[in-house]
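The lines below spell out each chain.
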Amino acid sequence: MAGRTSAPPGISSGPPLGIVAGRGPIPLAVAEAAREEGRAVFIVGIPGETEKEIERFPHEWIKLGALGRTVRALKSAGCEELVMVGPLTRPELSSLKLDWGGVKFLSRFVKLMRQGDDGLLRGFVDFFEKDHGIRVIPAEQVLKGLAAPPGCWTAKRPDEQARKDIARGGDLLNAIGRFDMGQGTVICRGIVLAIEGPEGTDAMLTRVAGLHPSLRAAQGARAGVFVKLPKPDQDRRVDLPTIGVTTVENAARAGLAGIAVEASGALVVELEKLVARANELGLFVVALEGGRHG
């Protein structure tokens, strides 16, 4: 893989935005948005996780666990702010290739892993901010159109039963959030069909698609809602729920009537394409304001 590259001419001389990039298209979209505003970027890519297209930007490939090298790379690039975005596979401790910075963080890392994903992410935020003075900011602060806008985005709107299912899904996710379980659930006519686990959204929706049709809807009809919300106490600068066209298509294959997220509590990949696909498939997509799930 390519090594480190320097910033091209013509980019602002102000401090570059650091990006620690996980999987998917959002890290690249954030980098492009920053560059369009005249801000330089520097991306830390994780081998085997991050899209190779980051090589269009100043970058360095650094293995997960090499925290000392990550900090040195960001500081050498002049980064004072950092976006951490894109999912990462939860690592096995035995597989981490720790450098000295990672070794010093190890005891904290072990304790944080016992606290679940939320605790682990908060620990990494503290590592960059409190230990090394690099401020972590949310991706949507850079890519303004990334946060879910309020309201129903589609031609189809949730009916009374769907609204009840959304409310039940919200109550369930709020209740289990303190156990650091998944951010999503599928509710159909008041029945909990699935709760998202470590396998993620797509796998959960595929699992729902394999259930007997009698659990979902009458033949030829759609019923049930995929509800995806941030956990009640999570740090919203990192790991907000994310939906895109694939989410809509998987919800449609599962026979669901729609998707519900929280306004400004989810990241949306290519909103216009998502809405067009939902309209084509006959699903609703709604973002509820102020934590209201009814």
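Scroll up to find the structure.
Every chain is numbered independently, its residues counted from 1 as its sequence is written. With pLDDT at 70 or above as the cut-off, local features in this predicted model cover only qualifying residues; side-chain atom pairs require 80 or more to be listed or tallied, and sums for whole chains, interfaces and linings still use all residues. Water and hydrogen atoms play no part in the side-chain values, which are based on all heavy atoms of the structure.

## Details of the overall build of the protein
No. 1: Scanning the protein for helices and strands turns up eight helices and 13 strands.
No. 2: Exposure categories follow from relative accessible area, calculated using a 1.4 Å probe and restricted to protein chains: below 20% of the type maximum is buried, above 50% is exposed, and the middle band is partly exposed. Residues counted as buried form 50% of the 294 residues belonging to the protein.
No. 3: Any pair of residues with heavy atoms lying within 4.5 Å of one another is described as a contacting pair. A sequence separation of at least 24 residues applies to 73% of the contacts in the protein between residues at least 6 apart.
No. 4: All accessible-area figures derive from a Shrake-Rupley calculation using a 1.4 Å probe, and residue coverage is judged against the displayed protein chains alone. Of the roughly 13800 Å² of accessible surface on the protein, 53% is carried by carbon and sulfur atoms. Helix and strand definitions here come from DSSP, where helices need a minimum of 4 consecutive H or I residues and strands a minimum of 2 consecutive E residues; each element is numbered from the N-terminal end.

## Re the pattern of salt bridges
No. 1: Salt bridge, as used here: a side-chain nitrogen of Lys or Arg that lies within 4 Å of a carboxyl oxygen of Asp or Glu. Evaluation of the coordinates by the stated rule reveals 17 salt bridges.
No. 2: The partner of Arg 237 in a salt bridge is Asp 235, and the shortest N-O contact between them spans 2.8 Å.
No. 3: Owing to a relative accessible area of 27%, Arg 237 belongs among the partly exposed residues under this scheme.
No. 4: A salt bridge links Glu 280 to Arg 277; the shortest N-O distance between them is 3.1 Å. Residue Glu 280 and its partner Arg 277 are both found in helix α8 (residues 271-281); the two are separated by three residues, about one turn of the helix.
No. 5: Overlapping salt bridges, with partners in common, bring together Arg 39, Glu 81 and Arg 135 in one network.

## As for the packing of helix α7 (residues 245-253) against α8
No. 1: All axes here are fitted lines through C-alpha atoms, helices being fitted over the stretch that makes contact, and every angle between N-to-C directions spans 0 to 180 degrees. Put simply, α7 and α8 touch, their axes get as near as 8 Å, and they point 15 degrees apart. Classed by the angle they form, the pair α7 and α8 counts as roughly parallel. Viewed along their axes, α7 and α8 form a crossing whose handedness is right-handed. Along its contact with α7, which presents Val 245, Val 248, Glu 249 and Ala 252, the element α8 presents Lys 273, Leu 274, Arg 277, Ala 278 and Leu 281.
No. 2: Under the scheme applied, nonpolar residues are Ala, Val, Leu, Ile, Met, Phe, Trp, Tyr, Cys and Pro; charged residues are Asp, Glu, Lys and Arg; polar residues are all the others, including Gly. Looking at the contact of α7 with α8, its residues break down into six nonpolar, no polar and three charged. Geometric relationships in this document are graded by angle, where less than 35 degrees denotes roughly parallel, more than 145 denotes roughly antiparallel, 65 to 115 denotes roughly perpendicular, and other angles denote oblique. Handedness of a helix crossing follows the sense of rotation of the near helix relative to the far helix, less than a right angle counterclockwise being left-handed and clockwise being right-handed.

## Notes on the packing of aromatic side chains
No. 1: Pairing of aromatic side chains requires ring centres within 6.5 Å, counting the rings of Phe and Tyr and the six-membered ring of Trp. Pairs whose planes differ by under 30 degrees are stacked, by over 60 edge-to-face, and all others tilted. Tallying each qualifying case throughout the model produces one aromatic pair.
No. 2: Between Phe 127 and Phe 128, the aromatic rings sit 5.3 Å apart at their centres with planes inclined by 75 degrees, giving edge-to-face as the arrangement. Considered together, Phe 127 and Phe 128 belong to a single accessibility category, that of buried residues.

## Regarding α8
No. 1: Along α8, the residues classified as buried are Leu 274, Val 275 and Ala 278. One side of α8 carries all its buried residues, which in axial view fall inside an arc of 95 degrees. Turned more than 90 degrees from where α8 packs its buried face, Glu 272, Lys 273 and Glu 280 sit exposed.
No. 2: Next to the buried residues of α8 lie β10 (242-243), α7, β12 (267-268) and β13 (284-288).
No. 3: Immediately beyond the C-terminal end of α8, within one or two residues, lies Gly 282, with a positive phi of roughly 80 degrees. Arc, as used here, means the arc of the directions from the helix axis to the C-beta atoms.

## So, empty space enclosed by the protein
Empty space left among the atoms is revealed by rolling a probe the size of a water molecule over them.
No. 1: Put simply, the grid is 1 Å and covers the protein atoms alone, a cavity is a trapped set of points that fit a 1.4 Å probe, a pocket is an open set with protein on both sides within 12 Å along at least five of seven lines, and lining residues have an atom within 4 Å of a point. Grid points are joined across faces, edges and corners, and a volume is the space filled by probe spheres set on the points. Scanning all chains against the criterion turns up two cavities of 30 Å³ or more.
No. 2: Counted as a void, the largest cavity has a volume near 40 Å³.
No. 3: Together, Leu 173, Asn 174, Gly 177, Gly 182, Gln 183, Leu 229, Pro 230, Lys 231 and Pro 232 line the largest cavity.
No. 4: Grouping the amino acids of the lining of the largest cavity by side-chain chemistry returns four nonpolar, four polar and one charged.

## Some words on the environment of Ala 257
No. 1: If you trace the backbone, Ala 257 turns up in the loop between α7 and β11 (258-262).
No. 2: Under the relative-accessibility criterion, Ala 257 is labelled buried at 8%.
No. 3: Dropping the residues within four chain positions of it, Ala 257 is found in contact with Lys 156, Arg 222, Ala 223, Gly 224, Gly 282, Leu 283 and Phe 284.

## Observations regarding the sheet that holds β13
No. 1: Sheet architecture is open: six strands sit in the order β6-β13-β11-β9-β7-β8, paired in mixed fashion. Every other strand in the sheet has two partners, leaving β6 (151-152) and β8 (191-195) as the edge strands with one partner each.
No. 2: For two strands to pair, DSSP has to find at least two bridges joining them. Pairing of strand β7 (residues 184-188) with strand β9 (residues 225-228) involves four bridges; the strand directions are antiparallel. Bridge pairing links Thr 185 to Val 227 in β9.

## Brief notes about the nonpolar core
No. 1: Grouped together as the largest cluster of nonpolar side chains are 28 residues, with contacts concentrated most on Trp 153, Val 186, Val 261, Leu 274 and Val 285.
No. 2: Those elements that provide at least two residues to this core are β7, β8, α6 (201-209), α7, β11, α8 and β13.
No. 3: Excluding residues within four positions of it along the chain, Leu 274 makes contact with Trp 153, Ile 243, Gly 244, Val 245, Val 248, Val 268, Val 269 and Val 285.
No. 4: For the purposes of this section, nonpolar cores are sets of buried Ala, Val, Leu, Ile, Met, Phe, Trp, Tyr and Cys residues that join through side-chain atoms within 4.5 Å. Formed by 23 residues, the second largest nonpolar core is a distinct cluster that contains Ile 26, Ala 34, Phe 57 and Val 269.

## Some remarks on unusual backbone geometry
No. 1: With a phi close to 65 degrees, Asp 239 is a non-glycine residue in the positive phi region.
No. 2: Although it is not a glycine, Ser 264 sits at a positive phi angle of roughly 65 degrees.
No. 3: Secondary-structure assignment places Ser 264 in the loop between β11 and β12.
No. 4: Classification of Ser 264 as partly exposed rests on a relative accessible area of 46%.

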